[in-house]
Amino acid sequence: MAKVQNPTTTTLGYALFATRWLQAPLYFGLVAAQGVYVYKFFKELWTLILMCLGGHATETYVMLAVLKLVDVVMIANLLIMVIVGGYETFVSRIGLQGHRDQPEWLSHVNSNVLKVKLATAIVGISSVHLLQMFVDVHHTSRHALLWGTVIHMAFIASAAILAYMSGPMVAHTDRGHADRAPVPPAQAGDHGSRQQTEPESERPPAAVIPPRSDPDADTEARIRAAGFPARKVLEDFDQQHPRGFDREALARLGKADFVDARRNVVFVGPPGTGKTHLAVALGVRACQAGHRVLFATAAEWAARLSDARAAGRLDAELTALDDHPLLIVDEVGYTPFDAATAGLFFRLVAHRYERASLILTSDRPLGRWDEVFGPSAPAMTDRLAHHAEIVRLDGDSYRTRRATSAWAD
Ligand code: ADP
Ligand code: MG
């Protein structure tokens, strides 16, 4: 059934969610703490240099001082992990995707990953401390040595337990990376292999989807279930390519709020300008925002709805589709429809009007949809466009542009 949300509850929820910004200053506070560590590092380094120059530095002293420096650096690393990872997980996306310095773990960071990373970082720091004690064993009491070892073991045990508990998630993340490895030839070497999709047949069976409690796994399951032809993300869309393109509209849509607002999106433009890319990318965002999504071409939707009507269950089918707050209808207009099929699309659009969202892509503007849907076009486009963002893409095909530039190279 449709996800009917009470506006008051939604507003309250949004208001609560907005309070996450209260955390933002905390992360900047940690940045200041990092500054303190930088100061401490150089102070230690300076002392070490002075001792060496003065000829007072024994080998043990140098080793201890260097270990202390390593210790400071490791704590600083820990800090950056908490700052960047915590901010990204709990406050707001930093949007580093594609940044050459993006840490490998940040693309799949969540509180689980963060916990394991922190635990292993703490084990690292405690190892350095223990090593310091052993290097300086003559000045360390047996009591301190014993407790140092016990505490270190406790850190190792807790890190192992945390890693074990997030096992399914880690396995999933690794699988996620492996999944993305096969890159369609047209995209190889273009944006890296992250976020690309394998053909349907190569997808791992649904059975390996990890437990439902993992938000990452849930998103992944929704993305798989959506039936996207390829995995495309907004970050990979070159906004400079289309001419006269409304970037602000796309930024707005990227938040996937339009799904909550039950609004529609129509991408209109000539072939190869990225309509399918953007429709899929918004679909992925909707999946990430927790919505179920279904993707198919207009011809596939026509077949599906025709079958349902033939079986006398068109209404049931439309109601069942309400389970999916977002449906994507790709390639509207590539094939004109007969009156009966056009009527089915009218039913689909009318059924979802102010109830759930649609994304449509078409090579022709809405004003010319009578060429596709015949006389039912005006009534349909009227409902469709009433709460819709129409995004025009103009310019040359991205496919041929790439072919031509490859040729020129
Ligand atoms: P359309 O659906 O408009 O015919 P597609 O979305 O299928 O076009 O785009 C064709 C190919 O070009 C896809 O691989 C898509 O990822 C890529 N592409 C199109 N426009 C862009 C763009 N502006 N930036 C990056 N890739 C693009
Ligand atoms: Mg397309």
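The paragraphs below set out a description of the structure included in this document. Worth saying up front: this structure is predicted, and the values here are computed from it rather than measured. Counting from 1, residues in each chain are numbered in the order their sequence is written. For this description, chains carry letters from A and ligands carry numbers from 1, given in the order in which they are written. Totals for whole chains, interfaces and linings use all residues, but because this is a predicted model, local features are given only for residues with pLDDT of at least 70 and pairs of side-chain atoms are given and counted only at 80 or more.

## Comments concerning the environment of D315
- Turning to its location among the elements, D315 is positioned in helix α12 (residues 314-321).
- Any residue whose C-beta has 12 or fewer other C-beta atoms within 10 Å is treated as exposed, any with 20 or more as buried, and any in between as partly exposed, C-beta atoms being built from the backbone. What makes D315 exposed here is the crowd of 12 C-beta atoms within 10 Å. Numbering of helices and strands runs from the N terminus, with a helix taken as a DSSP run of H or I at least four residues long and a strand as a DSSP run of E at least two residues long.

## Overview of helix α15 (residues 377-386)
- Within the sequence span of α15, burial applies to A377, M380, T381 and L384. Each buried residue of α15 sits inside an arc of 90° when the element is viewed along its axis, so together they form one side. Opposite its buried face, α15 presents the exposed residues D382 and H386, each directed more than 90 degrees away.
- Each residue is represented by a C-beta atom placed from its backbone, and any two residues with such atoms within 7 Å are regarded as in contact. Of the surrounding secondary structure, the elements contacted by the buried residues of α15 are β1 (264-268), α13 (339-352), α14 (370-373) and β5 (388-392). Note that the arc is defined by the directions from the helix axis to the C-beta atoms.

## Description of the site of ligand 1
- The C-beta atom of each residue is placed using the backbone, and any residue whose C-beta lies within 6 Å of a molecule or strand is treated as near it. Around ligand 1 sit 18 residues in total, of which D238, G274, T276, H277 and Y398 are the nearest.
- Looking at the shell around ligand 1, the elements with two or more residues in it are α10 (275-288) and α16 (398-408).
- The leading source of residues in the shell around ligand 1 is α10, at three residues.

## Side note on the packing of helix α2 (residues 24-53) against helix α3 (residues 59-91)
- To get an axis, a line is fitted to the C-alpha atoms, and for a helix only the part in contact is used. The angle between two axes follows their N-to-C directions and goes from 0 to 180 degrees. The contact between α2 and α3 brings their axes to 10 Å, and the two run at 165°. Comparing their axes, α3 and α2 come out roughly antiparallel. The interaxial crossing formed by α2 with α3 has left-handed handedness. Roughly parallel here means an angle under 35 degrees, roughly antiparallel means over 145, roughly perpendicular means 65 to 115, and every remaining angle is called oblique. In this scheme the crossing of two helices becomes right-handed for a clockwise turn of the near helix relative to the far one and left-handed for an anticlockwise turn of less than a right angle.

## Observations regarding the pairing of strand β4 (residues 357-362)
- A large share of β4 lies buried, amounting to five of its six residues.
- Following the backbone out of strand β3 (residues 326-332), through α13 and into the adjacent parallel β4, one traces a crossover that is right-handed. When the strands point away from the viewer and the path from the first strand over the helix to the second turns clockwise, the crossover is right-handed.

## Section: the nonpolar core
- Only buried Ala, Val, Leu, Ile, Met, Phe, Trp, Tyr and Cys residues enter a nonpolar core, and they are joined through C-beta atoms within 7 Å. Within the largest apolar cluster, 48 residues are counted, with the highest numbers of intra-cluster contacts made by V265, F267, L282 and I328.
- In terms of residue count, α10 provides more of this core than any other element does, eight residues in total.

## Concerning the packing of helix α7 (residues 215-226) against α10
- Where α7 contacts α10, the axes come no closer than 8 Å and their chain directions differ by 140°. The angle between the axes of α7 and α10 places the two elements in the oblique class. Read as a crossing pair, α7 and α10 show a hand that is right-handed. Contacts from T219, R222, I223 and A226 in α7 reach G283, V284, C287 and Q288 in α10.
- Residue composition of the contact of α7 with α10, by class: four nonpolar, three polar and one charged. Throughout, the ten residues Ala, Val, Leu, Ile, Met, Phe, Trp, Tyr, Cys and Pro are labelled nonpolar, Asp, Glu, Lys and Arg are labelled charged, and all others, Gly among them, are labelled polar.

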